[in-house]
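Okay, here's what each chain looks like letter by letter:
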Amino acid sequence: MAVWDDVVGQERLTEQLAAAARDADALVTAEGAAASGADPIAQSGASKMTHAWLFTGPPGSGRATAARAFAAALQCVSPDRALGGAPGCGFCDGCHTSLVGTHADVEVVRTDLLSIGVKETRDLVRRSSMSPSDGRWQVIVLEDADRLTEGAGNVLLKAVEEPAPRTVWLLCAPSIEDVLPTIRSRCRHVTLRTPPVAAVADVLVRRDGIDPDAAAAAARATQGHIGRARRLATDERARARRAAVLKLPLRVDDIGGCLKGAQELIDAATEDAKQVAEDVDAKETEELRAALGAAAGTGGRLPRGTAGAMKELQDKQKRRSTRTQRDSLDLALTDLTGFYRDVLAVQLNATVPLANDEVRDSIRRIAASSSPERTLRRIEAVIACRQALDRNVAPLLAVEAMTAALRKG
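Residues numbered from 1 in each chain as written. Predicted model: local features only at pLDDT ≥ 70, side-chain atom pairs only at ≥ 80, totals over all residues. Heavy atoms only, no water.

### Thoughts on the side chain of Arg320
By secondary structure assignment, the location of Arg320 is in helix α14 (residues 307-347). Discounting residues that sit within four places of it in the chain, Arg320 has contacts with Asp112, Leu113, Val280, Asp281 and Glu284. (Helix = DSSP H or I, 4+ residues; strand = E, 2+ residues; numbered from the N terminus. Contact = heavy atoms within 4.5 Å.)

### Quick look at the side chain of Ser370
Along the chain, Ser370 turns up in the loop between α15 (360-368) and α16 (372-390). Owing to a relative accessible area of 14%, Ser370 belongs among the buried residues under this scheme. At 3.0 Å, the side chain of Ser370 forms a polar contact with the side chain of Gln347. Engagement of the side chain of Ser370 in a polar contact is seen with the backbone oxygen of Ile366, the distance being 2.9 Å. When residues no more than four places from it in sequence are discounted, the contact partners of Ser370 are Gln347, Thr375 and Arg378. (Buried < 20%, exposed > 50% of the residue type's maximum accessible area, 1.4 Å probe, protein only. Polar contact = N/O pair within 3.5 Å; in protein donor to acceptor, adjacent residues only side chain to side chain.)

### Quick word on the pattern of salt bridges
Evaluation of the coordinates by the stated rule reveals 25 salt bridges. Residues Arg193 and Glu11 are paired through a salt bridge, measuring 3.7 Å at the closest nitrogen-oxygen approach. Of this pair, Arg193 sits in the loop between β5 (188-191) and α9 (197-208) while Glu11 sits in helix α1 (residues 11-29); the two residues are 182 residues apart in sequence, bridging distant segments of the chain. The class of Arg193 is partly exposed, set by a relative accessible area of 44%. (Salt bridge = Lys/Arg side-chain N within 4 Å of Asp/Glu carboxyl O.)

### Some details on the pairing of strand β4 (residues 167-173)
With seven of seven residues buried, β4 lies mostly within the body of the structure. On β4, burial covers both faces: Thr167, Trp169, Leu171 and Ala173 on one face and Val168, Leu170 and Cys172 on the other are all buried. Where the polypeptide runs from strand β3 (residues 138-142) across helix α7 (residues 150-161) and back to β4, its parallel neighbour, the crossover connection is right-handed. (Right-handed = clockwise from strand over helix to strand, strands pointing away.)

Dropping the structure here:
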């Protein structure tokens, strides 16, 4: 299985990346570049390879998957390359360790916090300045480049502007506008599209062994979002949460229903954050206490002067909880947008298949009792709620305003 097999529905992109990987392989193996000690990328103006890439695309398009596949192709050591084979076989040690996250020269950075700060970025820049220890390239995959603070972006700029020899930066963001102009101007930009529903269903069946009917339903419900489709097909709790969200449009007939529906959405998001905290926070806290020399168990007293480290961990856990709650709410709002998209399709007699076919009766009921103009206003209300959450408006206030707007239409 080649490294590109998991990059779903992005044929043109994979061709471009495969060509760049071939050029990168030729550059590294070129005796002249190796003997001179110069940067091989800089010496070849016609090369399809460059030192910094920016992967953009809508959520679920597979930006990080494509970046990791490219990193694996850059590290490919398959002997077939000498016989004309393309890098990225998927079987050699370089490909395998890159894909599973254990390659010494591939650093994959993702965050479960609201932002990536200066301290973390400086650590990455120091890492990027080192020569490859075992692989062919030093590769830094930054999956959440859109979460860089302004200060962190300025720190990264210098490393991207003047890269170390044989260092490659792979940045991922939802859109090009989410990255500082000074950084994106120094990257080669590649765009991913939303994968076709059929392609997502196929990969769920082929790679995850999911029943074809369940895979097709999950792919259709998420409209090509690979990660959400996999979770929906394998997690009963996710299906239950989604079913509850799709009932909301029928429950906003009065103010009481609006307020109750908003509170339930907030409670569900809070429960998700609480579950993550139960799974991760206790383990992190105990590991830090042990590292600081506290006695085993929660009652052990911390050594003098270590309270600051514990406070830093608690702040990090609080920020992670906030992001988890926001992500859960955003998922619910995305499902709600899909519901009203189906309502609008029915009202306009569109021939597109419904994303939420399992609630067809509810969709037709809402469509018959309103107009396309009211449906568009409801979609705008959901979008406004997402924007308010991005501006740190209190979640309950933002969602209550949305449900009231859904009632009004």
